[in-house]
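Notes for the structure review
Chain by chain, the residues run as shown.
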Amino acid sequence: MSEVVLQAESLTKHYGDVQALVDLNLEVYAGEVFGFLGPNGAGKTTAIRVFMDEIRPTTGRITIFGMDARKKSVEIRRRIGYLPGELALYPNLTGRDTLTYFANLRGGVDWAYVEQLADRLVADLSKKVGDLSSGNRQKVGLIQAFMNKPDLLIMDEPSSGLDPLMQREFQSMLREIIAEGRTVFLSSHTLSEVQRVAERVGIIRHGRLVAVESVHDFRSKSIRRVELEFRSPVAASVFAAVPGVRDVLSQNHRIVLSYDGKMDVLLRTVADRYDLVDITTQEADLEEVFLAYYRDEATPDEATGNDSTSHRGVRA
Amino acid sequence: MLSGVFTKTLRDYWLRAIIGAVTLVLFLIFAMASYRAVDIAIYTDLPDVFLELYNIANVDDAGGLAYGTVYSFMGALTLAGIAISIGSGAIAGEERKGTMGLLLANPKSRTHVLVSKAASLFLLMNLAALILWGGAHLVPTLIDVNVVGKETGGLVLHMLVNALFYGFLALMIGAWTGNKTTASGVPALVMVVSYLAVGILPLVEGIKDLSRIFPWYYYTESNPIFHGIDWGHLGVLFSGVVVFLVLAVFGMNRRDLSARSAAVTLFDRLRNYPFMHSVIERLAGSARVSRIWVKTMSDHQGLLVVTGFILLFLCVIVGLLYPVLEDQMQDFSEDMPEAMDALIGQVDIGTPEGWYQAENFSMTGPFLSIFVAVVVSARSLAGEEADRTMGLLLANPISRIRVLSEKALAMLVYVFLLAVVVFVGTIAGSLLGDLGLNSVHVAATCFLLGLVSLVFGTVALALSAATGRSNFAMYVTAGLALASYLLQSFLPLNEDLAGYAKVSPFYYYLKSDPLTNGMNWAHAGVLAALIAVFYGVSVLLFQRRDLR
């Protein structure tokens, strides 16, 4: 594998009794988009704030570009672009003032590039940030993060508020960054945001890193989405007993379920006893794999949080 | 407290109303205690214009004087000011914050929201008035001052209705425009202009009756301290309240609500004029964001301009008044009670130096300057965490020390500018009134004034650095400043305790009487050392802390 850009070693952060991060180990490599996934309150933002030296770990350490994140924070930040979650800017400055301010603090920002980014994202820099809609404010935040051509981009929920067109533009900007060998660390609670650009994803819940896998491995997990249509209604309970079946949904004559077993086992369960009209199966996308991961361990309130953030894409 | 719009509004503003009222009661204690010991002829002999403006015409004893200055004059302005701040925040403030849309997404009519807010404004002002009324009764008994013949109930009721008048005016303007600046600015302007007009116009023959068109007339003209309630005058003010409420309901219902917005400053408006554009663009735009400390200064420009003008005005006017009041002041200085003497720093008020110190350098000067230093420190450092912009600021390749020190630099420049203003104003006042102050000594005093302000500014900085909470830092530092001032003022009255006054930074500011004696470098050194210590502590605390 290529050079390690960001490394977390046994990272733990406690707030009193609350364990925000527990023994987190992570490596992000040069030239990849690393997706950092987890439900709200899982510890994503806490981890990012530790990377940025806004808060300090209780134990463990962070190395970025081979430098200690605490001791060499300024040098590290020179090469980082950062977009915080729930972006707050100075309401009384215009977009242009805001970017000028940060460009002054950074030094060495090419203003022509800033204009270029603004054009791509169709950002209005003449208005006061306080008068912008949240999507347009987010654009100012994105330009700010991209404008110094950082070696590492750290972004917390970057596409929040962006319309689909802008999200696509944003994703192509990310691909260009990767093509230049730079690195992106992308935190999100929506998989759709990450799966189009990320090579690897880390899943975090309750402050613990549950898994790190390549998006490809996720996709090749044998979970399939199966839709069965019958002549007459069939009870969901029929499928509950089949090993590998989960999330059974009964809609009149249709049964929708997730399945990670052998297809003939499933078919034998139904074919002899019921009048099967049609069957469609699809490769599960990241989102469903993600949900499956959580369903195994999630507490009830967490499961609700997942459901609200998941969204099912329409696929051919 | 969140059961409805009414109670939520109470919850948002009750502290403001109570702090205002309690502060006035404390002032009353203090005023009665000092006036009790004075030959008040010094006040009653003041020129008429002062008597009118301070609301102490016809006053004949210490009790009346205290009620007049603290309640009738200062109290009425303060109470009305609180009402304006609540009234303007009620509707327009909620629009500026962008919460109005959410509030009205609930099945409540605009009228319901407005009337609930009006009702809580009404109740809160009554609460404040009740505290004032209680204080008016309690204080004279506590410190044994004779207040026979003073109609405190009538006075407080007049103050209340007067305050409601301005509060509802603010509510109405807010309901019509949705602009908080207009909603607070216009009533404040109306209040100050009408207060001045009612004080000054009656002194000018021929246009006496003109003062009747100003609302303040119906508050003060009947002299409620002595004559109690004047229902006719109160009726005029109260019909104003009712009319404003009706207009507010009407205005609120017919208008498009505004969404969350940034405040528009004068610079912003000028920026849009083509012929001003390039100059203003530099000032308001690129120049202002060139450095952290420049931006910090720009963020608090309003504060600097207002306090600067107040200080300049006071410094000049004090010089101008001296020739008029010189003889009286010399008599006064002989009768001065010890407590009063202590507060102005044990100086002879009959001399130009003593006069300036008593009027400017002992209280208003340091209070305003410290106020600015503390607000700028706390708001700029901890405020950036509260506004959640600190993370983005520190995403830049700059150290925390640099952020802290640039914020401190902005505060330093502010304090320096105010010291310069005080210096220029004092020299101008001295020249205009022919007081013959030694300009080097004035400079030394202003220098010490700047240092003592920086001491408290750095205390606020340290508290902000330690906690990231700007209100906490401001209130605690203000409390410390007040305590230090009182320590330095009152400990010397008791010989056994006099030595302890040295723990107060104020001791090193005026104890050496720099206006008369010039610079005391040892004392300046002590202040400088304190500044260095608190600054050092700020750096250490800010370095090691988790940001909010």
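Heads up: the structure comes first, above all this text.
Anyway, here's the lowdown on the structure attached to this text.

Conventions and cut-offs
Residues numbered from 1 in each chain as written. Chains lettered and ligands numbered in written order. Predicted model: local features only at pLDDT ≥ 70, side-chain atom pairs only at ≥ 80, totals over all residues. Heavy atoms only, no water. Helix = DSSP H or I, 4+ residues; strand = E, 2+ residues; numbered from the N terminus. Buried < 20%, exposed > 50% of the residue type's maximum accessible area, 1.4 Å probe, protein only. Contact = heavy atoms within 4.5 Å. Areas by Shrake-Rupley, 256 points an atom, 1.4 Å probe, with all protein chains shown as cover. Salt bridge = Lys/Arg side-chain N within 4 Å of Asp/Glu carboxyl O. Buried area = accessible area lost by both parts, 1.4 Å probe. Nonpolar A, V, L, I, M, F, W, Y, C, P; charged D, E, K, R; others polar. Core = buried A, V, L, I, M, F, W, Y, C linked by side-chain atoms within 4.5 Å. Pairing = 2+ DSSP bridges. 1 Å grid on protein atoms, 1.4 Å probe; cavity = no way out; pocket = protein on both sides within 12 Å on 5 of 7 lines; lining within 4 Å. Points joined across faces, edges and corners; volume = space filled by probe spheres on them. Axes fitted to C-alpha atoms, helices over the stretch in contact; angles between N-to-C directions. Polar contact = N/O pair within 3.5 Å; in protein donor to acceptor, adjacent residues only side chain to side chain. Parallel < 35°, antiparallel > 145°, perpendicular 65-115°, else oblique. Left-handed = near helix turned anticlockwise from the far one by under 90°. Expected span 1.5 Å × (residues − 1). Phe/Tyr/Trp six-rings, centres within 6.5 Å; stacked < 30°, edge-to-face > 60°. Lys NZ or Arg CZ within 6 Å of the ring centre and 35° of its normal.

1. Concerning the overall build of chain B
Across its full length, chain B holds 25 helices and zero strands. For chain B, with 548 residues in total, the buried portion stands at 52%. Considering only intrachain contacts with a sequence separation of at least 6, the fraction spanning at least 24 residues in chain B is 76%.

2. As for the overall build of chain A
Scanning chain A from terminus to terminus reveals twelve helices and 14 strands. Expressed as a percentage of the 316 residues in chain A, the buried residues total 53%. Of the contacts made within chain A by residues no fewer than 6 positions apart, 67% connect residues no fewer than 24 positions apart. For chain A, the exposed area adds up to about 13,700 Å²; of that, 48% sits on carbon and sulfur atoms.

3. Quick look at the pattern of salt bridges
Using the criterion set out here, one finds 26 salt bridges over all chains in the structure. A cluster of three or more residues bridged by salt bridges with shared partners is formed by E9, R61 and D68 of chain A.

4. Quick word on the interface of chain A and chain B
Contacts between the two partners involve 35 residues from chain A and, on the opposite side, 38 residues from chain B. Summed over both sides, the interface between chain A and chain B buries roughly 3,000 Å², with carbon and sulfur atoms accounting for 50% of that surface. In this structure, the connection of chain A to chain B is made through two salt bridges. Between D97 of chain A and R288 of chain B there is a salt bridge whose closest N-O contact spans 4.0 Å. Of all the secondary-structure elements, those providing two or more residues to the side of chain A that touches chain B are β1 (4-15), α2 (73-78), α3 (95-106) and α5 (134-146) of chain A. At seven residues, α3 of chain A tops the list of elements feeding residues into the side of chain A that touches chain B. Looking at side-chain class alone, the side of chain A that touches chain B contains 15 nonpolar, six polar and 14 charged residues.

5. Quick look at the nonpolar core
In this structure, Y71, M125 and L132 of chain B are the most contacted members of the largest nonpolar core, which totals 77 residues. Secondary-structure elements contributing two or more residues to this core are α1 (5-36), α4 (62-97), α6 (110-143), α7 (152-177), α8 (180-200), α9 (216-220) and α11 (231-254) of chain B. No other element matches the 17 residues that α4 of chain B contributes to this core. The next biggest cluster of nonpolar side chains, apart from the first, holds 62 residues, and it includes L186 and V197 of chain A together with M390 and A465 of chain B.

6. A look at the sheet that holds β1 of chain A
Residue and element names in this part refer to chain A. In spatial order, the strands read β2-β1-β4-β5; together these four strands make up an open sheet with antiparallel pairing. A single partner strand is all that each edge strand has here, and the edge strands are β2 (18-29) and β5 (67-68). When β1 meets β2, the two strands line up antiparallel, connected through eight bridges. From the neighbouring strand, L6 faces β2, where its bridge partner is V28.

7. A word on empty space enclosed by the protein
Under the definition given, this model contains one cavity of 30 Å³ or more. Computed from the structure, the largest cavity encloses a volume of approximately 30 Å³. Surrounding the largest cavity, M52, D53, E54, S73 and R77 of chain A together with L394, R400 and L547 of chain B form its lining.

8. Some words on unusual backbone geometry
Phi is positive for H206 of chain A, close to 50°, though the residue is something other than glycine. The exposure class assigned to H206 of chain A is partly exposed, which follows from its relative accessible area of 44%.

9. What about the sheet that holds strand β9 (residues 200-205) of chain A?
Residues and elements named next belong to chain A. An order of β6-β7-β8-β3-β9-β10 is seen for the six strands of this open sheet, with the pairing classed as mixed. If you trace the sheet from one side to the other, it starts and ends with β6 (80-83) and β10 (208-214), each paired once. Averaged over all pairs of adjacent strands, the angle between strand axes in this sheet comes to 15°, irrespective of strand direction. Here β6 runs beside strand β7 (residues 152-156); their pairing, made up of four bridges, is parallel.

10. What to know about the layout of surface pockets
Taken as a whole, the second largest pocket holds about 880 Å³ of empty space. Contributing to the lining of the second largest pocket are 38 residues, with P84, G85, E86, D156 and E157 of chain A lying nearest its centre. Secondary structure elements with two or more residues in the lining of the second largest pocket: α1 (44-51), α6 (164-179) and α7 (191-195) of chain A together with α18 (364-386) and α19 (390-393) of chain B. Grouping the amino acids of the lining of the second largest pocket by side-chain chemistry returns nine nonpolar, 16 polar and 13 charged.

11. Concerning α1 of chain A
All names here are of chain A. Burial analysis of α1 places seven of its eight residues in the buried class, which makes it a mostly covered element. Within α1 the residues assigned to the buried category are K44, T46, A47, I48, R49, V50 and F51. At the exit of α1 stands D53, carrying a positive phi of roughly 65°.

12. Details of the environment of Y82 of chain A
Within the secondary structure layout, Y82 of chain A lies in strand β6. For the pair Y82 of chain A and A145 of chain A, spaced 63 residues apart in sequence, the C-alpha to C-alpha distance is 5.0 Å. If near-sequence neighbours (up to four positions away) are discounted, Y82 of chain A is found in contact with I48, M52, E54, Q144, A145 and I154 of chain A together with G391, L392 and A395 of chain B. Here the side chain of Y82 of chain A touches E54 of chain A through a polar contact of 3.3 Å, side chain to side chain.

13. Things to note about the packing of α7 of chain B against α11 of chain B
Residues and elements named next belong to chain B. Remark: α7 packs on α11, axes separated minimally by 8 Å, with the N-to-C direction vectors making an angle of 20°. Taken as axis vectors, α7 and α11 run roughly parallel relative to one another. Between α7 and α11 lies a crossing whose hand is left-handed. In terms of residue class, the contact of α7 with α11 is made up of 20 nonpolar, four polar and one charged.

14. Let's talk about helix α21 (residues 439-467) of chain B
Residue and element names in this part refer to chain B. End to end, α21 covers 42 Å across 29 residues, agreeing with the expected 42 Å (1.5 Å per residue, within 8%). Most of α21 sits out of view: 23 of its 29 residues are buried. A positive phi of about 75° marks G468, the residue just after α21.

15. Some thoughts on the packing of aromatic side chains
In total, this model carries 25 aromatic pairs over all chains according to the counting rule given. With centroids separated by 5.9 Å and ring planes inclined at 40°, the aromatic side chains of F456 of chain B and F506 of chain B adopt a geometry described as tilted. With a gap of 50 residues between them, F456 of chain B in helix α21 and F506 of chain B in helix α23 (residues 505-510) connect regions that are remote in the sequence. Of the residues examined, F456 of chain B reaches a relative accessible area of 3% and is grouped as buried. For the cation-ring pair, K295 of chain B lies above Y90 of chain A, with the distance from its terminal atom to the ring centre recorded as 3.7 Å. Across from the ring centre of Y101 of chain A, 5.5 Å away, lies the NZ or CZ of K295 of chain B, which sits over that ring.

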